[in-house]
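These are the residues of each chain, in order.
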Amino acid sequence: MKKVLLVYDSYSGNTEKVARAVREGLASGSVEVDTTLKNIDDTTKEDLLEANVILFGAPTRMANLPPKMKEFLNGIGASAMKGKIGTSFGSCGGTCESIPMITEKLKSLEMNVIEPGLKIQGRPGSVDLKRCRDFGKTIVDKL
Ligand SMILES: Cc1cc2nc3c(=O)[nH]c(=O)nc-3n(C[C@H](O)[C@H](O)[C@H](O)COP(=O)(O)O)c2cc1C
């Protein structure tokens, strides 16, 4: 069974809410997957190595990635990630620069990147949560 890891960073809980809804969607895809949801503070290199599919989630701050997520991504060696499937998600208040930034980083690690990532504005409401679940389902349906 494929292992799917969701790693998120979140200041006020919006991206965490997105992550939880995406995880629900992962469970409704066409194949069964083993999912793990982790705050970035609790995520280790081993978690990344074990996963076949990794979803990175972060809000945007000052048109940039939050420093913790940036540092985390920059600390990953390409050889560890090559060939894994990756994508991005996050909540933001404007243009969600974090999504293309994560995407480009995953490409530089030679991951197979699913584009576009998921952008949610602010605190996800019921329509947004459905988009999150659909996003999760779509990823599993591609496996
Ligand atoms: C200090 C600060 C800077 C922000 N800068 C941006 C930004 O440059 N672009 C953007 O799209 N949203 C920006 N936002 C909005 C956040 O990304 C948005 O509130 C998001 O929902 C927060 O998600 P979180 O609860 O997961 O931290 C900013 C928010 C704060 C507090």
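Up top is the structure these notes are about.
Let us look at the structure shown here.

Conventions used here
- Residues numbered from 1 in each chain as written.
- Predicted model: local features only at pLDDT ≥ 70, side-chain atom pairs only at ≥ 80, totals over all residues.
- Helix = DSSP H or I, 4+ residues; strand = E, 2+ residues; numbered from the N terminus.
- Expected span 1.5 Å × (residues − 1).
- Buried ≥ 20, exposed ≤ 12 C-beta atoms within 10 Å, placed from the backbone.
- Arc of directions from axis to C-beta.
- Contact = placed C-beta atoms within 7 Å.
- Core = buried A, V, L, I, M, F, W, Y, C linked by C-beta atoms within 7 Å.

Right, let's talk about helix α6 (residues 126-141) for a bit. For α6, built from 16 residues, the straight-helix expectation of 22 Å at 1.5 Å per residue is met to within 8% by its first-to-last C-alpha distance of 22 Å. Every buried residue of α6 is listed here: D128, C132, F135, G136, I139 and V140. Projected down its long axis, α6 carries its buried residues within an arc of 135°, all on one side. Exposed positions of α6 whose direction lies more than 90 degrees from the buried face are S126, V127 and D141. Residues of α6 that are buried sit in contact with α1 (14-26), β3 (53-57), β4 (85-92) and β6 (118-121).

Our next topic: helix α3 (residues 67-74). Where α3 is concerned, the buried positions are M69, F72 and L73. Seen along its axis, α3 keeps its buried residues to an arc of 95°; they face one direction. Away from the buried face of α3 by more than 90 degrees, exposed residues P67, E71 and N74 are located.

Time to look at the nonpolar core. L6, V18, V22, I54 and C132 are the most contacted members of the largest nonpolar core, which has 36 residues in total. Counting only elements with at least two residues in this core, the list comes to β1 (3-8), α1, β3, α3, β4, α5 (98-108), β6 and α6. Not counting residues up to four positions away in its chain, the partners in contact with L6 are A19, V22, R23, T35, L37, L55 and G57.

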